[in-house]
Structures are given as C-alpha cells and as structure tokens.
Amino acid sequence: MQYQRSSALFKAAQNVIPGGVNSPVRAFKAVGGTPIFVERAKGAYLYDADDNQLIDYIASWGPMILGHAYEPVIEAVKSRAYLGTSFGMPTALETEIAELAIAMVPNIDKIRFVNSGTEACMSAVRLARGATQREKIIKFAGCYHGHSDAFLIQAGSGAVTFGSPSSPGVTKGTAKDTLLAPYNNLEAVAQLFSEYPHEIAAIIIEPVAGNMGCIPPNAGFLEGLRSLCDQYETLLIFDEVMTGFRLAKGGAQELLGIKADLVTFGKVLGGGLPVGAFAAKKEIMKHLAPDGPVYQAGTLSGNPLAMAAGLAMLQALNADSDIFDRLALKTEHLHEGLEAVLKTTHIPYQINRLGSMISLHFTDEKVVDFETAASGNNEKFNNYFHGMLKEGIYLPPSAFESYFLNDALSHEDIDFTINAFKKIIDTI
Ligand code: KE4
C-alpha cells in the first residue's frame, strides 16, 4: 500500500483546515502516520486517494449500516435535490420520517430533528433542565455526547484520544453543573443523588458505550439508573446517536428493555447526511418551542435532502426483519476469528461486543469503564491498526472507538480480515 496522494492532500489540507481535518479523530494523531484521504466508497469498501481498496469497519462512525452508496438512499437524495435543497419551511417529508421513527422506537410520541448528534444531546439536556427546573446533569467518564460545553468534561472519543477529555474553553460555571461518575458504577451515581437530591435534571448516558471502545452495560446497571431517576424525579436520557437504529429497530431501549425518558439520535438516522434528533413522550416535548418556553432552532433542521436520505434508510431497516440479527452474527464471526488468532499468543486482550458494535483492547483487565479502557497497551494498538491497514483493513484510528459493522460486509470480507490479523499478529 502506498499513500503518496493522501500525504500530498494532507499537506495541502493542513494549510487551510486546522489539523487538516474537520473532525480531530480523522487526523490519525493517536495512531501516528498520515490520515487516509478517501475518494469514494461502495458497499463495504473504501477507495482512497491512492486507489487502495480498504474493507471499512468504521462505516463513517456508524451511519453507513447498509454499506456505502446504498442505492435507495442515493436515489432518494438525487430525486429530492431537483425539487430544491432547502426551504426553511415545513415539508410533508419531515412528518413522514417522524411518523416512521416514532413507530420504530419505543416510549416516544414526538421527535425534533436537528443537524448533528451534538445538537441533539445539547438540546435534550436543555429540554430536561427546562422541564424539571433543575440545573445539574450526570454524565459518565469516557462517554461522549458531542462537543457541547456541558459534555466536554471527561469526554470519550476524540477528546480522550488527544488527552484532553476536559477541554479548555469550558467555563467553571458550566463544569460545576456536570457531575461525573464511572460507567457501570451504580454506587457512584447513588452517591451523587444523595449529595444533590433535588438538583439533578437528567442523567445522560450511552446505553452501550462506544466512545471508550465498545462497553456494554453490566447487568442491572441501566435498571439501577432507571430506578434512581424514578426515585429522584430525574429524567433518564439515552444517547442513542450510535446505538439508535443500529442495535435494533428500537435501538438500545428495545434490545435491553429499558425505558428512557428522552432519546437522542444521529448517524444512521440521516443515512449519511447531517441529521440528529431528540425525542420523548409528549408530556416532555410540550415544553419545547414553539409549544413551550424551552428554545431550540436550526436553519437546516429537517432539511429535505437529509430527511430524504434518512427516510430511505429507515424504510430499508424497517422492512428488513433480520438485518440486526444478520449484523450481530457477522460481528460474532469477526469476534470468534480474532479471538482464535489471539489465543495462539500470550498477548493480553479483551474483546467487547454487542450487536454490530465491537472493540479489541490489549489489556488483561475486563474493560468496563474509562479507567479499564485506558489500561490498554497503546503501542500494541497502534501496531495492530497500521498492520491491518497495510493488509487493506480500515479500523478506527483510536483505541477509544467502537467498530461499526455494515450489512454489505460478506463472510469472505470477515475471513479476509481474520487472515490479515493472522498475518500481522507477530508484529504487534
Ligand atoms: P456528532 O455531533 O458527531 O454528529 O455526534 C456526537 C455524538 C453524540 N453521541 C454519541 C454517542 C456519539 O458517538 C457522537 C459522535 N461519535 C463520534 C465517534 N465516536 C463521531 C466521530 C467524530 O467525532 O468525528
């Protein structure tokens, strides 16, 4: 594999874009080397600027669950574009996708579309604060809910990848209202409630964490959060930007059988175009402008192109009765293959998996929270990442990310991936 053109493109980009990228995790800072510039993609494959074909395990960090350039989404965007790209006025299309999303996801009556997962989570927290008249929130170290100030405290994903989980620029005033607990630690959350019994508007959590690698909830953890929220009249926000429409039609609420009070979405919901959303029962959504006083707005919210892409995506997922089982089985196949290779070595490892989310950690500690996720051997991870890249496998360029399998991946692709791992295992 050679990357001359990606290197040249990266140099040019660095002259005009901070770090040469529009989102830090793309810069390969954690793993070193030159970021890959992609030209096009189809199905499970990326084609980079040097025309290398790569099997894709990030799926644009989740959205491309049906594979890249999925025909019905492309057609929907193309035909919609001719009708005009944005009006700043309501369209019937927004009602159509809202009705379908509400039919697919449990415990929601109304949904507001925005333009990113960050905007969805930021707005959901404001709505929770407005509806409860309380100011504090609880988040979990290593969880990432986008780059809104309130969340950049012990955040995961790119924030922790670059060693700045608590970002400069976040004021003390903001930080004081964000309480922190370790993921999977119910006692720590109970402790916060006993310290602030009437001040916590919401808990916001990734019901399956994907920004510390993949970390499923321990048995009883989410159930415990649900009962603490009921006891203290605090709202439980499931950040399903990653898990929504990926783990099941109804996301983590459906798969894990836990009822959230507010749910946020992004990624898959937009079919690859910029879409986020937050949703709840009407008793909560009635506080949101223009019905209620909690303000939230957006020029391109409900944009017809993005709605057309998202609707085509949801229609495909809703019509396919075994897509989620298929994806889970492919992910299990990958898990078993990687594990079989690792078992021939003395390399300490953990593999975490749920549905089509999976991650490999080079540590002998069970990875259940940020601290144990951070105990992984980064040098091994970086050798693994670059070794697999050389074999034509594109993995997340950070140990603090989950892989996202897509339905276009064939069993041959997964076997190819496992064989690539076999080839490089002695080099990591
Ligand atoms: P966006 O603003 O990036 O659309 O969504 C923020 C967000 C919110 N909640 C969860 C659970 C998320 O995972 C994300 C964004 N995910 C990262 C990947 N870890 C986006 C990739 C990036 O930052 O470039």
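The written sequence of each chain sets the order in which its residues are numbered from 1. It should be noted that, the model being predicted, local features are given only for residues of pLDDT at least 70 and side-chain atom pairs only at 80 or more, the latter also being counted only at that level, while totals for whole chains, interfaces and linings use all residues. Excluding hydrogens and water, the side-chain values take into account all heavy atoms of the structure.

Draft legend 1. Layout of the layout of surface pockets. For cavity detection a 1 Å grid was placed over the protein atoms alone, and a set of points counts as a cavity when a 1.4 Å probe fits there but cannot get out; an open set counts as a pocket when protein lies on both sides within 12 Å along at least five of seven lines, with lining residues being those that have an atom within 4 Å of a point. Grid points are joined across faces, edges and corners, and a volume is the space filled by probe spheres set on the points. Here the second largest pocket defines a volume of roughly 670 Å³. Around the second largest pocket sit 29 residues that line it, and E94, I111, R112, F113 and P290 are the ones nearest its centre. Each helix corresponds to a stretch of at least 4 residues labelled H or I by DSSP, and each strand to a stretch of at least 2 residues labelled E; elements are numbered beginning at the N terminus. Every element with two or more residues in the lining of the second largest pocket is listed here: α3 (92-104) and β4 (110-114).

Draft legend 2. Here's a closer look at the sheet that holds strand β1 (residues 38-42). Should DSSP find at least two bridges between two strands, the strands are taken to pair. In space, the four strands of this open sheet follow the order β1-β2-β3-β13, with mixed pairing throughout. Each edge of the open sheet is held by one strand with a lone partner, namely β1 and β13 (393-394). The sheet contact formed by strand β2 (residues 45-48) and strand β3 (residues 53-56) spans three bridges and is antiparallel. Counterpart to L46 in the pairing with β3 is L54.

Draft legend 3. Representation of the site of the ligand in the model. Each residue is tested against the molecule or strand, and it is near if at least one of its non-hydrogen atoms lies within 4 Å. Close contacts around the ligand come from 17 residues, with S23, T118, N211, D239 and E401 the closest. The term polar contact refers here to a pair of N or O atoms within 3.5 Å; inside protein, the definition further demands a hydrogen-donor-capable atom paired with an acceptor-capable atom, and it admits residues adjacent in sequence only when both atoms are side-chain atoms. K267 has a polar side-chain atom sitting 3.0 Å from a nitrogen atom of the ligand. Burial of the ligand by the surrounding chains reaches 87%, relative to a free accessible area of 540 Å². In terms of domain composition, the shell around the ligand takes at least three residues from each of domain 1 (4-69 + 322-427) and domain 2 (71-319). The accessible surface values rely on the Shrake-Rupley method and a 1.4 Å probe; as for residues, cover is taken only from the protein chains in view. For every domain, the bounds stem from an assignment made automatically or drawn from a database.

Draft legend 4. Representation of the packing of aromatic side chains. Stacked, tilted and edge-to-face are the three classes assigned to paired rings of Phe, Tyr and Trp, where Trp is represented by its six-membered ring and a pair needs centres within 6.5 Å; plane angles under 30 degrees give stacked, over 60 edge-to-face, the rest tilted. Across all of its chains, the model carries 13 aromatic pairs by this definition. Each ring, one from Y183 and one from F221, has its centre 5.5 Å from the other, and the planes form 55°; the classification is tilted. Note that Y183 is positioned in the loop between β6 (178-181) and α7 (186-195) and F221 in helix α8 (residues 221-232), a separation of 38 residues in sequence. The interplanar angle of 70° and the centroid separation of 6.0 Å between the aromatic rings of F381 and Y384 together place this pair among those described as edge-to-face. With F381 and Y384 both in helix α14 (residues 378-390) and three residues apart, this pair spans about one turn of that helix. Across the pair, exposure class does not vary: F381 and Y384 are buried alike. Pairwise contacts between aromatic rings join F362, F381, Y384 and F421 into one cluster. Only lysine NZ and arginine CZ atoms are considered, and such an atom sits over a ring when it is within 6 Å of the ring centre and within 35 degrees of the ring normal. Over the face of the ring belonging to Y47 we find R40, whose NZ or CZ atom lies 4.1 Å from the ring centre. Burial here depends on accessible area, computed with a 1.4 Å probe over protein chains only, as a share of the maximum for the residue type. Under 20% is buried, over 50% is exposed, and the range in between is partly exposed.

Everything listed here is a matter of geometry and, on its own, says nothing about what the molecule does.
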